[in-house]
Amino acid sequence: MSNHEKNKRILLELVKEPHNSRCADCGAPDPDWASYKLGVFVCLNCSGVHRSLSSRVKSIKLDFWEDELVEFMKSSGNASAKVTYERAVPPYYYRPQENDHAVLREQWIRAKYERTEFSGETKYPPLAYTTGFYEGLLWKKGKENTQFLKRKFVLSEREFTMTYYNKDNESKGPKAVIPIKDLNATFQPDKIGHPNGLQLIYQDAIHTRNLYVYHESPEEIVTWYNAIRAARYAYLKTAYPTGSDEELIPKITRNYLKEGYMEKTGPQQTESFKKRWFILDSQNRKLLYFKGQLDAEELGAVFIGTESNGYSVKEYIPKHTRGNKWNCGLMVDTPGRQFVFMCEQERDKKEWLDALKHVLSRPMAPQDYTVEANIKYKN
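Okay, so let's go over this structure. Being a predicted model, the structure only gives us computed values, none of them experimental.

### Re the overall build of the protein chain
Now for step 1: Scanning the protein chain from terminus to terminus reveals 11 helices and 17 strands.
Now for step 2: Taking all 379 residues of the protein chain together, the buried fraction comes to 51%.
Now for step 3: Put simply, 52% of the contacts in the protein chain that link residues at least 6 apart link residues at least 24 apart.
Now for step 4: When the accessible surface of the protein chain is summed, it comes to about 18,900 Å², and 49% of that surface belongs to carbon and sulfur atoms.
Now for step 5: Across the protein chain, the mean location of the 57 positive side-chain charges is 5 Å away from that of the 50 negative side-chain charges.

Next comes the structure, spelled out in structure tokens:
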């Protein structure tokens, strides 16, 4: 056996060990790259970020490995690196997964290895998400148009609010004061059209409001995201003092279970179908719909309860259709009304059915009944 084959076999055995069997940075299974500077096994996507950091990466299967590098990998590994570089990760800091947007993954890697934010040392300046207060400028989309303008945002953990101002002159007061209680943040670069695009959603009286923002700096937008998460975590610790981190952390922020266009008809199922953008928020059990995917305010919402409470979803083709261009139908049945939707393709319909059934299968929590009672169905 050649030395090359011997070292390759050693590395393949190392990567089977439990602590090495997933990417050190995003958790993707079966990593087949490694940083021989840091001694970690990573996936292909994360290896690209490491390469940009001059972290010296090689393919386990394709590249030649010298004996001394293999010995270093044997003495290092993902568990050892975790102790060094993730010693002091705050519980609310978002750890990206393999399918998360690139900006989250890259900034997590840079924060760990380049800026050593989580090593437990004090050499790095105090961070926005550790001080309880953060302010700065973000590019925000206008409510009635597609133009993005710079707006000042202020996040206060003490007040549990996020405030933004329309003009530089703050004497006129804020445009909106958003309670942290109702705020969610999710990365939406594809929808917003910017790699650092962030969608903020909150409850404004009886409506759901969207703010679409971005920052030129990827580090800055991820800092904003984690500052929001820090404030949300502090609020949840106050609202649920006996709640464990295991219970509270999934509630800090969430991505939506499913988004996309469907056609929708009215309550009589004889009205013309109209194309709408839908968001399924599984945490609040709401199927929200908007005229367009960047609208500031929703047109309405459908509460998704459980089958034992009179809710169901099934494939359905209405007998009378007007205005529809799509033919793949489904129906959501609720105690108050039936909703008929048309999808463009069978694949879309299946994904919506699977997502809705996932919410239906989850038992309702006490707070869900309050959400259900406040839903007012619209056309």
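### Considering the packing of aromatic side chains
Now for step 1: According to the stated counting rule, one finds 20 aromatic pairs in the structure shown.
Now for step 2: Between Trp108 and Phe118, the aromatic rings sit 5.6 Å apart at their centres with planes inclined by 40°, giving tilted as the arrangement. Residue Trp108 is found in helix 5 (residues 102-114), and its partner Phe118 is found in the loop between helix 5 and helix 6 (128-131); the two are separated by 10 residues along the sequence. The same class applies to Trp108 as to Phe118, namely buried.
Now for step 3: For the pair Trp139 and Tyr214, a centre-to-centre distance of 6.1 Å together with 10° between the ring planes defines the contact as stacked. In this pair, Trp139 sits in strand 4 (residues 133-141) while Tyr214 sits in strand 10 (residues 207-214), placing the two residues 75 residues apart along the sequence.
Now for step 4: We classify Trp139 as partly exposed; its relative accessible area is 23%.
Now for step 5: What makes Tyr214 buried here is its relative accessible area of 15%.
Now for step 6: Here a set of aromatic residues connected by ring pairs shows up, and it is made of Phe278, Tyr289, Phe339, Phe341 and Trp352.

### Section: the pairing of strand 6 (residues 161-165)
Now for step 1: Across the five residues that make up strand 6, a large majority, five, are buried.
Now for step 2: With burial as the criterion, each face of strand 6 is covered, one bearing Thr161, Thr163 and Tyr165 and the other bearing Met162 and Tyr164.
Now for step 3: With five bridges joining them, strand 5 (residues 148-156) and strand 6 adopt antiparallel strand pairing. Across the sheet, Ser156 pairs through a bridge with Thr161, a residue of strand 6.
Now for step 4: Once strand 5 ends, the chain turns through four residues before running back antiparallel as strand 6, passing Phe160 with a positive phi of about 55°.
Now for step 5: Examined bridge by bridge, strand 6 and strand 7 (residues 176-179) share four bridges and lie antiparallel to one another. Bridge pairing links Thr163 to Val177 in strand 7.

### Brief notes about the environment of Leu330
Now for step 1: Among the secondary structure elements, Leu330 is positioned in strand 16 (residues 328-333).
Now for step 2: For Leu330, a relative accessible area of 0% puts it in the buried group.
Now for step 3: Sequence separation of Leu330 and Gly136 is 194 residues, and the distance between their C-alpha atoms is 44 Å.

### As for the packing of helix 8 (residues 218-239) against helix 9 (residues 245-252)
Now for step 1: Axis separation between helix 8 and helix 9 bottoms out at 9 Å; the angle between their running directions is 135°. Between helix 8 and helix 9, the angle is such that the two are oblique. Judged by the twist between their axes, the crossing of helix 8 over helix 9 is right-handed. For the pair formed by helix 8 and helix 9, the contact residues are Arg229, Arg232, Tyr233, Leu236 and Lys237 on the first element and Asp245, Leu248, Ile249, Lys251 and Ile252 on the second.
Now for step 2: In terms of residue class, the contact of helix 8 with helix 9 is built from five nonpolar, no polar and five charged.

Scoring rules and cut-offs
- Residues numbered from 1 in each chain as written.
- Predicted model: local features only at pLDDT ≥ 70, side-chain atom pairs only at ≥ 80, totals over all residues.
- Heavy atoms only, no water.
- Helix = DSSP H or I, 4+ residues; strand = E, 2+ residues; numbered from the N terminus.
- Buried < 20%, exposed > 50% of the residue type's maximum accessible area, 1.4 Å probe, protein only.
- Contact = heavy atoms within 4.5 Å.
- Areas by Shrake-Rupley, 256 points an atom, 1.4 Å probe, with all protein chains shown as cover.
- Lys, Arg positive; Asp, Glu negative; His and termini not counted.
- Charge placed at Lys NZ, Arg CZ, Asp CG, Glu CD.
- Phe/Tyr/Trp six-rings, centres within 6.5 Å; stacked < 30°, edge-to-face > 60°.
- Pairing = 2+ DSSP bridges.
- Axes fitted to C-alpha atoms, helices over the stretch in contact; angles between N-to-C directions.
- Parallel < 35°, antiparallel > 145°, perpendicular 65-115°, else oblique.
- Left-handed = near helix turned anticlockwise from the far one by under 90°.
- Nonpolar A, V, L, I, M, F, W, Y, C, P; charged D, E, K, R; others polar.

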